[in-house]
Every structure is written in C-alpha cells, then in structure tokens.
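# Understanding the architecture of this molecule
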Amino acid sequence: MTAFQYREGVLHAEAVSLSALAQTVGTPFYCYASGEIEGAYSAMERALSGLPATICYALKANGNLAVVRTLAKLGAGADVVSEGEMRIALAAGVPAAKIVFAGVGKTAEEMAAGLQADILQFNVESVPELEALSQVAESLGRRAPVALRVNPDVDAMTHAKISTGQAENKFGIDLGHIQDAVKLALDLPGISLEGLAVHIGSQLTDLAPYRAAFGKLTALYRDLKGQGVPLRRLDFGGGLGISYDGETPPDLAAYAALVRECAAGLPAELVFEPGRFLVGNAGVLVTRVLYVKQGTARRFVIVDAAMNDLIRPSMYDAFHAFKPVAAPAAGAGEMPVDIVGPICETADTFARQRGLPPVAAGDLLAICSSGAYGAVMSSTYNGRRLVPEVLVRGGDHAIVRARPSYAAMLAETPLPDWLDPARPAARGVA
Ligand SMILES: *Cc1c(COP(=O)(O)O)cnc(C)c1O
C-alpha cells in the first residue's frame, strides 16, 4: 500500500488527494494506483527472470479495462474464466497467444470463442469438458491447445471458500484419474495436449502448500514425458497472498526459488496466474461516514459503502484496514466501533469492534487493500448503483468506470407490454 500515503495531513493515491477526488467523483468510489500495479508486476517479473515464464494476470481479481491495459502494456498475459473476461483481455491489448482460458464450466460458445481468437491454451478440468472441447474444435476444423488441470489434493491453508486444490473441491482432475484423461486427450481428434496446470487456492501466505502441489505436478510432468507424451508447458496457477492485516505473504524470491527448484531441468515453458498479488494492494474503496450511532452495547459507524460494493468481509470474513482520509490528530487515540453499511442485512458489516480514531459524520475513510475481488464482485443489491472506479497515475487521474445514472439503471429493465405498452420488453432472445 505504499502508493497510499498522507501528504500534508490528507491521504493521497500517488500524488492525488483522495479528499479532492471524493469531492469531484462522489462517494463511495474505488481508486487504483497505477504505480503500485506496475511495481507488483515488475517485482514478479524480476523474481522469475531467466525462466521461460509468462505471467498471465487473472482478470477475475479486477477486470477493469484500464487496469488490464496497464498490465498488458508491461507485457502481461491473461488468465480468463469467461468469454467476457477474454473479450476484456483482448480489448485491453493482451495478445491472444498469452491468454489462458480457465474455469470448471466453460460453455460450447465460450470454447468456440477461445478457439476463434487463437488463445494460448484451455485449462481443462474434467473428462466431459475435454470431450466437449474436442467436439467444438473439430466442428471448427481446429485442435484445441490444452493443459489438464490437476487436483493435487493439497490443503492451501487458506479460507475454505477460496481453497481449490483438495479432492473435495470441484476443481481439476484427481491425480488418480489423470493418466486416463491424458490417454483420452491424446486420442481425441480435436485436442492437442500441451501441458499440465495447477491452482490450489487464493491468498496463500505459506509456501509449503505450493511446494507440495508443484512437487506433485512436476513429478507427473516428468513421468508423462518419460512415457513419450509431448508436453511443453507447466502452469503453476496463482494464489500468492498479500498483506491485509500484517500477514507476511510469501517472499517473492522464495517463491521463485521454489519454482526454479521444482522446474529445474524440465523442458517446459512456465505460466503463472497471479491475480490478487498484482492488484490487491493497489486499490482502496473510499467511503463517507453518514452517521455515528451510539447503541446500548456498541458504537456504530455507518458509512455509505456497503456489502454490495465490497463483499469480502461478508463473504469471507475478510479483514480490511481502515484509514481516515484526514490524518488523525497526533495522540487522538482509538475507540472500538462497528463499521457498517446501509444495507438491510446484518452481514453488511465491514468490521466489528475495530479501533478507529474518533470520526464524525462527513468524514472520509479509505478501506484499504480493496483492489482485488472488490469492484468485480459488486452488485446493485438494494437498488444501489455500481461504484465508480478511478485510476491514478502520478498526479493525474481518470474515471475508468463511471457511476451509472438512475435513468440508465431503470432503462435496463423494460416492462412486458401487458404492464406498460409504451416500453415493451422483447420476447425470445435475451
Ligand atoms: C482465481 C484464480 C487465479 C487467481 O488467484 P489469485 O489468488 O487472485 O492469484 C488464478 N488461476 C485460477 C485458475 C483461478 O481460479
């Protein structure tokens, strides 16, 4: 979060005052710092230098076109999980040859779109998916480049909802079934088997699960190469954690050393799929205090951002640090408060019994480390408009997603002609 510092008592994103932005953009809004995104990407690139590595940014962490383009300009590839994300990646300037299509439930339409775009590879997660992809490819007169995603049955030691590498998870093909899947992939006319992939979860703060997973993956790769399977690519997935609450995420150098150790001597191109690591600490959600309410048992700070804008605390019990945009007076002290949004659910709580300097209605707060899995997971629940996104670069800024007008929001839902003949809804095609 080095891009977000106090200057003359006001929290800035790089050289832009968040207080000034709040005045022009209105609250709540997301603010991303280009320099922080670029710094994270460069650090990863440096750590992996000398390896035949492609860093495919996982768009699902933050799919804003400007964010993706910032990374594309540095040479990043993309890891996409839907046709929509693929289109964003292409529109942002990511070359198709650096796009990996992941996800456990690709549709035939999405497969066709990926094939027509000529992407690098499909990470296939099941035998039925492999068969479906082969059929789609054949019907287009093509062969789909495939990496089989292995489920290594490794506990990533992260939150259950973002753990993906255990046998009980829906992801990947179990090691016990992989040989059969490889045979099938080699037989299917529409498949070109090129690699193996793994992704064991998100927000990993320990290298041990990576070591276990990469070990199994590379052993399998060696074994298959020994059997004459023409593999050429290993995809180590994403999942690198960031610091939300003083956690010590894996040291990049140690992560890279582990990769070097596991891939040593292997004739393989390497793919990495970091999402959160590249953007998580590059964003804040700026919100305004609406009311401070003293209850019998607790003091509530009611802010204008809500769980529909940033769902991580409600969904994953995630911790986000709060910083007042106006620096608190020296020695101001802290008092425990519950920081809550306006939505009619108790789940709409950002923090419980959190120490905060005294705040009053009208004050601005920055919800830190909100660059990943923030705006992308937002909704219009409670009739709230999607939050705008602002990208900062040095002293400059741009609104890279505008707050929709209420008129635009209403225009999205036409009425059936029996309810209003004046604005008839369509029949048939959605
Ligand atoms: C979510 C996901 C990623 C990115 O995970 P991060 O924790 O954000 O790095 C990468 N690969 C796959 C297959 C994913 O599902």
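Residues numbered from 1 in each chain as written. Predicted model: local features only at pLDDT ≥ 70, side-chain atom pairs only at ≥ 80, totals over all residues. Heavy atoms only, no water.

### Some points on the sheet that holds strand E2 (residues 10-13)
- With respect to topology, 3 strands assemble into an open sheet ordered E1-E2-E3, the strand pairing being antiparallel. Among the strands making up the open sheet, the edge pair consists of strand E1 (4-7) and strand E3 (16-17).
- Relative to E3, E2 is paired through 2 bridges, and the arrangement is antiparallel. If you follow His12 over to E3, its bridge partner there is Ser17. (Pairing = 2+ DSSP bridges. Helix = DSSP H or I, 4+ residues; strand = E, 2+ residues; numbered from the N terminus.)

### Here's the deal with the packing of helix H7 (residues 175-187) against helix H8 (residues 208-226)
- Axis separation between H7 and H8 bottoms out at 12 Å; the angle between their running directions is 35°. For the element pair H7 and H8, the recorded crossing hand is right-handed. Here Leu175, Ile178, Gln179 and Val182 of H7 come into contact with H8, specifically with Lys216, Leu220, Asp223 and Leu224.
- Here the residues of the contact of H7 with H8 sort into 5 nonpolar, 1 polar and 2 charged. (Axes fitted to C-alpha atoms, helices over the stretch in contact; angles between N-to-C directions. Left-handed = near helix turned anticlockwise from the far one by under 90°. Contact = heavy atoms within 4.5 Å. Nonpolar A, V, L, I, M, F, W, Y, C, P; charged D, E, K, R; others polar.)

### Some details on the packing of aromatic side chains
- As enumerated under the stated definition, the model contains 9 aromatic pairs in all.
- An angle of 25° between the planes, with centres 6.2 Å apart, marks the rings of Tyr30 and Tyr32 as stacked. Note on accessibility: Tyr30 and Tyr32 belong to one class, buried.
- The structure contains a cluster of three or more aromatic residues connected by ring pairs, namely Tyr210, Phe214, Phe236, Tyr255 and Phe272.
- Just above the ring of Tyr406 sits the side chain of Arg385; from NZ or CZ to the centre is 3.9 Å. (Phe/Tyr/Trp six-rings, centres within 6.5 Å; stacked < 30°, edge-to-face > 60°. Buried < 20%, exposed > 50% of the residue type's maximum accessible area, 1.4 Å probe, protein only. Lys NZ or Arg CZ within 6 Å of the ring centre and 35° of its normal.)

### Description of empty space enclosed by the protein
- One pass over the structure, following the stated rule, counts 1 cavity of 30 Å³ or more.
- In this model, the largest cavity occupies a volume close to 40 Å³.
- Val292, Arg299, Val301, Met335, Val337, Pro357, Pro358 and Val359 together form the lining of the largest cavity.
- Contributing elements (two or more residues each) for the lining of the largest cavity: strand E15 (299-303) and strand E17 (335-340). (1 Å grid on protein atoms, 1.4 Å probe; cavity = no way out; pocket = protein on both sides within 12 Å on 5 of 7 lines; lining within 4 Å. Points joined across faces, edges and corners; volume = space filled by probe spheres on them.)

### Structural notes on the layout of surface pockets
- Empty space within the largest pocket amounts to approximately 610 Å³.
- If you go around the largest pocket, you meet 32 residues; those closest to its centre are Lys60, Val81, Thr164, Phe171 and His199.
- Looking at the lining of the largest pocket residue by residue, the classes come out as 14 nonpolar, 10 polar and 8 charged.
- Composition of the lining of the largest pocket by domain shows at least three residues from each of domain 1 (4-31 + 280-411) and domain 2 (34-278).
- Approximately 250 Å³ is the volume found for the second largest pocket.
- Lining the second largest pocket are 14 residues, with Ser34, Glu38, Thr70, Leu391 and Arg393 positioned closest to its centre.
- Of all the secondary structure elements, the ones that give two or more residues to the lining of the second largest pocket are helix H2 (34-47), helix H3 (65-72), strand E20 (389-393) and strand E21 (396-401).
- With 4 residues, the single largest contributor to the lining of the second largest pocket is E21.
- Of the residues in the lining of the second largest pocket, the class split is 6 nonpolar, 3 polar and 5 charged. (Domains from an automatic or database assignment.)

### Considering the site of the ligand
- In the vicinity of the ligand, 15 residues are found, and the nearest of them are Lys60, Ser202, Glu273, Arg276 and Tyr373.
- Side-chain polar atom of Glu273 to a nitrogen atom of the ligand: 2.6 Å apart, as the coordinates give it.
- Look at the ligand: alone it shows 390 Å² of surface, and the protein chains cover 93% of it.
- Placement of the ligand is best described as lying within the largest pocket.
- Taken together, the residues of the shell around the ligand break down into 4 nonpolar, 6 polar and 5 charged. (Near = heavy atom within 4 Å. Polar contact = N/O pair within 3.5 Å; in protein donor to acceptor, adjacent residues only side chain to side chain. Areas by Shrake-Rupley, 256 points an atom, 1.4 Å probe, with all protein chains shown as cover. Sits in = over half its atoms within 2 Å of the grid points.)

### Quick notes on the pairing of strand E13 (residues 269-272)
- As defined by bridge partners, strand E5 (residues 53-58) adjoins E13 across 3 bridges and the pair is classed as parallel. Bridge assignment links Ala53 to a residue of E13, and that residue is Leu270.
- Here strand E12 (residues 233-235) runs beside E13; their pairing, made up of 3 bridges, is parallel. Paired with Arg233 across the two strands is Glu269, which belongs to E13.

### Quick look at the domain arrangement of the protein chain
- Under the domain assignment, the protein chain is made up of domain 1 (4-31 + 280-411) and domain 2 (34-278).
- Centre-to-centre, using C-alpha coordinates, domain 1 lies 32 Å away from domain 2.
- The partner domain 2 presents 22 residues to the 23 residues of domain 1 that form the contact.
- Buried surface at the junction of domain 1 and domain 2, summed over both partners, amounts to about 1900 Å²; 52% is from carbon and sulfur atoms.
- At the surface where domain 1 touches domain 2, the tally comes to 0 salt bridges. (Buried area = accessible area lost by both parts, 1.4 Å probe. Salt bridge = Lys/Arg side-chain N within 4 Å of Asp/Glu carboxyl O.)

### Some words on the environment of Leu184
- On the secondary structure map, Leu184 appears in helix H7.
- According to the relative accessible area criterion, Leu184 is partly exposed, its value standing at 22%.
- When the C-alpha atoms of Leu184 and Ala43 are compared, they prove to be 39 Å apart, with 141 residues separating the residues in sequence.
- Excluding anything up to four places from it in sequence, Leu184 contacts Val127, Leu130 and Glu131.

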